[in-house]
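For reference, the chains in residue letters:
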Amino acid sequence: MFSKEVYVRRRAALLEKMRSEGQSGLVLFIGNAEAPAQYKNNCYKWRQESSWLYFFGIDEPLYAAVLDIDSGEETIFANDVELDDIIWMGPQTPVREKALAVGVKNSAPLSKLEECLEKAAGRDVHFLPPSRYYNTMRLEALLPGKTPSEALTKAVIGLRIIKEDIEIQEIDKACDLGIQMHSVARDAIRLGIVEQEIVGLMEGIALAKGWGTSFPTILTQHGETLHNHLHDKVIEPGKLMVIDAGVENNMHYASDFTRTYPTSGKFTTKQREIYQIVFECNELAFSLTKPGVTYREVHLATARKMLEGLSALGLVKGDLDEMVAAGIAGLFQPHGLGHNMGLDVHDMEDLGENLVGYEPGQTRARQLGLGSLRMARHLAPGYVITDEPGIYFIPALIEKFKREGLGGDFVNYQALEGYYDFGGIRLEDDVLVTADGARRLGSGRLPISPDDVEKAMAK
Ligand code: GLY
Ligand code: MN
Ligand code: MN
């Protein structure tokens, strides 16, 4: 946990923001409950709700809190353990002490929460959109028919989106672990072994040195499937292997890196040509990342760069700006350039992708690719985002474009037929927006240029 003062300051800032928006009443926070995987005592790995962690830090199930916007009073609701729990869980610090440790003076049993909300009848009760179904049900039982508060959601996003220095230190640590994990994976690539063997080795780092992985690992020779969670294939020569994985450190901050490797240790000419384009897009995005520009502009600049490279290879043809406007890049990169990252690998997307990634006045495109951009905002110092361009050859998507004429005259479908078994390439770094530009997070950088990748694989 961070020091008490951190949580006190964050909650005070939240209430101040709510007041400055003319809001009053109560703010209700609900932490996560354990989620049974099969029977009640066999649960999925425990993970606290991220906004709860941000404002209260207490990493245990079945906590709730009420903050009074008008009086500033704060109360934590949770149950002290009984002897039966102690037998199974060992002695536990009383709730009161845990509450005091994060600067909350009042605490009460969970059963008092209902009473507290009943007493507040007639006042506004603000709560966030719940990220888990169990909390959706709890909220419906506590506040029947009520909906999440947009004012609170915006206030929380406004705070969490700007990372504090202590958070950046944690994200740097998560990135260092992510880099270590990816290095182990790269060094383990061998023809003839099953992909799963590498997953086991790399996730071992995440578990040995952090909380675990920050999302289910993607490690596949079918990188054209963007989120391929199957690891059952034998590693074959001449393929490309996409590894997209991250660590959540013990303070629950995430990293998220992607590298793509030639399984034989050397790129073929065709692979290198496409790889070089993705690499240049990654570099371009980083060079454009600075306060004041929108990440939408950066996405579009990389889309243009990508089309320029594909055009040089004869896979598309025509005016670059017209192709960008027509969304042709989406055929090759049907996802956005990046997302926010912090306590969640896709930070705060449970609060609403558009509220997190878009500002008033920015509307989300409907186009393939640009429409999947999760972070379009004007960049500001303290933002942590990913830079993750990719090129994928998805036969079903190419066929659809061809069939329905979606690529106009821009796409050379005949040339693309030679890429149906190519797979995909994605290259992802984690980036902090600074006062005058950007810094890649982590104390080093995974090899990324085609030459450096081959060199690292030859070791
Ligand atoms: N791990 C999914 C992503 O890169 O967004
Ligand atoms: Mn990723
Ligand atoms: Mn990512």
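Residues numbered from 1 in each chain as written. Chains lettered and ligands numbered in written order. Predicted model: local features only at pLDDT ≥ 70, side-chain atom pairs only at ≥ 80, totals over all residues. Heavy atoms only, no water.

Okay, the coordination of the manganese ion (ligand 3) next. Of the protein atoms, only Asp-256 (OD), His-339 (NE2), Glu-388 (OE) and Glu-428 (OE) coordinate the manganese ion (ligand 3), at distances of 2.0 to 2.2 Å. Geometry at the manganese ion (ligand 3) is irregular, judged from the six donor atoms that bind it and their angles of 51 to 161° at the metal. Sequence positions of the donors to the manganese ion (ligand 3) reduce to the motif D-x82-H-x48-E-x39-E. Between the manganese ion (ligand 3) and the manganese ion (ligand 2) the interatomic distance comes to 3.2 Å, and Asp-256 is a ligand of both metals. Of this pair, Asp-256 sits in the loop between strand 9 (247–248) and strand 10 (257–262) while Glu-388 is found in the loop between strand 11 (384–387) and strand 12 (390–392), placing the two residues 132 residues apart along the sequence. (Donors = N, O, S within 2.8 Å, 3.2 Å for Na, K, Ca; no water. Tetrahedral: all angles 85-135°; square planar, octahedral: opposite > 155°, others 65-115°. Helix = DSSP H or I, 4+ residues; strand = E, 2+ residues; numbered from the N terminus.)

Taking 1.5 Å of rise per residue, 20 residues should cover 28 Å, and helix 10 (residues 269–288) covers 29 Å from first to last C-alpha, within 8% of that figure. Of all the positions in helix 10, only Gln-271, Ile-274, Tyr-275, Ile-277, Val-278, Phe-279, Cys-281, Asn-282, Ala-285 and Phe-286 are classed as buried. (Expected span 1.5 Å × (residues − 1). Buried < 20%, exposed > 50% of the residue type's maximum accessible area, 1.4 Å probe, protein only.)

Here the focus is helix 1 (residues 4–20). Here helix 1 is 17 residues long and its end C-alpha atoms lie 24 Å apart, about the 24 Å a rise of 1.5 Å per residue gives. Downstream of helix 1 by one or two residues, Gly-22 has phi in the positive range, about 80°.

In this section: the side chain of His-231. In this structure, His-231 sits in the loop between strand 7 (218–220) and strand 8 (240–245). The exposure class of His-231 is buried, given its relative accessible area of 17%. Side-chain polar atoms of His-231 contact the backbone oxygen of Thr-217, separated by 3.0 Å. (Polar contact = N/O pair within 3.5 Å; in protein donor to acceptor, adjacent residues only side chain to side chain.)

Note on the manganese ion (ligand 2): its protein donors are Asp-244 (OD), Asp-244 (OD), Asp-256 (OD) and Glu-428 (OE). The metal-donor distances range over 2.0 to 2.7 Å. Mapping the donors of the manganese ion (ligand 2) onto the primary sequence gives the spacing D-x11-D-x171-E.

So, about the pairing of strand 10. Counting buried positions over the six residues of strand 10 gives six, a clear majority of the element. Residues of strand 10 alternate between two faces, with Phe-257, Arg-259 and Tyr-261 on one and Thr-258, Thr-260 and Pro-262 on the opposite face, all of them buried.

Within the fold, Pro-447 resides in the loop between strand 15 (438–440) and helix 17 (450–458). Look at Pro-447 and you get partly exposed, because its relative accessible area is 23%. Note: C-alpha distance between Pro-447 and Ser-183 (264 residues apart in sequence) is 9.1 Å. Not counting chain neighbours up to four residues away, the residues in contact with Pro-447 comprise Arg-186, Arg-259, Asp-452, Val-453 and Ala-456. (Contact = heavy atoms within 4.5 Å.)

Turning next to the pattern of salt bridges. Summed over all chains, the structure comprises 38 salt bridges. Glu-170 serves as the salt-bridge partner of Lys-173, at 3.1 Å between the closest nitrogen and oxygen. Here Lys-173 pairs with Glu-170, and both are found in helix 8 (residues 165–188), just three residues apart, close to one helical turn. Residues participating in the shared-partner salt-bridge network are Arg-259, Glu-283, Asp-429, Arg-440 and Arg-445. (Salt bridge = Lys/Arg side-chain N within 4 Å of Asp/Glu carboxyl O.)

Around ligand 1, the neighbouring residues are Phe-215, His-227, Asp-244, Asp-256, His-339, His-346, Glu-388 and Glu-428. In this structure, an oxygen atom belonging to ligand 1 sits 2.9 Å away from a side-chain N or O atom of Glu-388. In this structure, Glu-428 approaches ligand 1 through a side-chain N or O atom, which is 3.3 Å from an oxygen atom. When ligand 1 is considered free in solution it has 200 Å² of accessible area, and contact with the protein chains removes 94% of it. For the shell around ligand 1, the residue count by class is one nonpolar, three polar and four charged. (Near = heavy atom within 4 Å. Areas by Shrake-Rupley, 256 points an atom, 1.4 Å probe, with all protein chains shown as cover. Nonpolar A, V, L, I, M, F, W, Y, C, P; charged D, E, K, R; others polar.)

A volume near 850 Å³ is recorded for the largest pocket. Around the largest pocket, the lining comprises 24 residues; the ones closest to its centre are Glu-34, Pro-61, Leu-62, Asp-85 and Met-89. Mapped onto the lining of the largest pocket, the elements with two or more residues apiece are helix 3 (83–89) and helix 4 (95–101). With four residues, helix 3 is the largest single contributor of residues to the lining of the largest pocket. Here the residues of the lining of the largest pocket are counted per class, giving twelve nonpolar, four polar and eight charged. As a volume, the second largest pocket reaches approximately 570 Å³. Every residue lining the second largest pocket is counted, 20 residues in all, and those nearest its centre are Arg-47, Ser-50, Arg-132, Ser-214 and Asp-344. Of the residues assigned to the lining of the second largest pocket, the class counts are six nonpolar, seven polar and seven charged. (1 Å grid on protein atoms, 1.4 Å probe; cavity = no way out; pocket = protein on both sides within 12 Å on 5 of 7 lines; lining within 4 Å. Points joined across faces, edges and corners; volume = space filled by probe spheres on them.)

Following the sequence through the fold, Ile-243 ends up in strand 8. Residues Ile-243 and Lys-119, spaced 124 residues apart in sequence, show a C-alpha to C-alpha distance of 53 Å. Excluding anything up to four places from it in sequence, Ile-243 contacts His-182, Ala-185, Ile-189, Met-202, Ile-218, Leu-219, Phe-257, Thr-258, Arg-259 and Tyr-261.

The next thing to look at is empty space enclosed by the protein. A complete count under the given rule lists three cavities of 30 Å³ or more for this structure. Space inside the largest cavity adds up to approximately 140 Å³. In this structure, the largest cavity is lined by 13 residues; those nearest its centre are Ile-30, Glu-49, Leu-128, Pro-129 and Pro-130. In terms of residue count, the dominant contributor to the lining of the largest cavity is strand 1 (residues 26–30) (three residues). Considering only residue class, the lining of the largest cavity consists of nine nonpolar, three polar and one charged. With five residues, the single largest contributor to the lining of the second largest cavity is helix 11 (residues 295–312).

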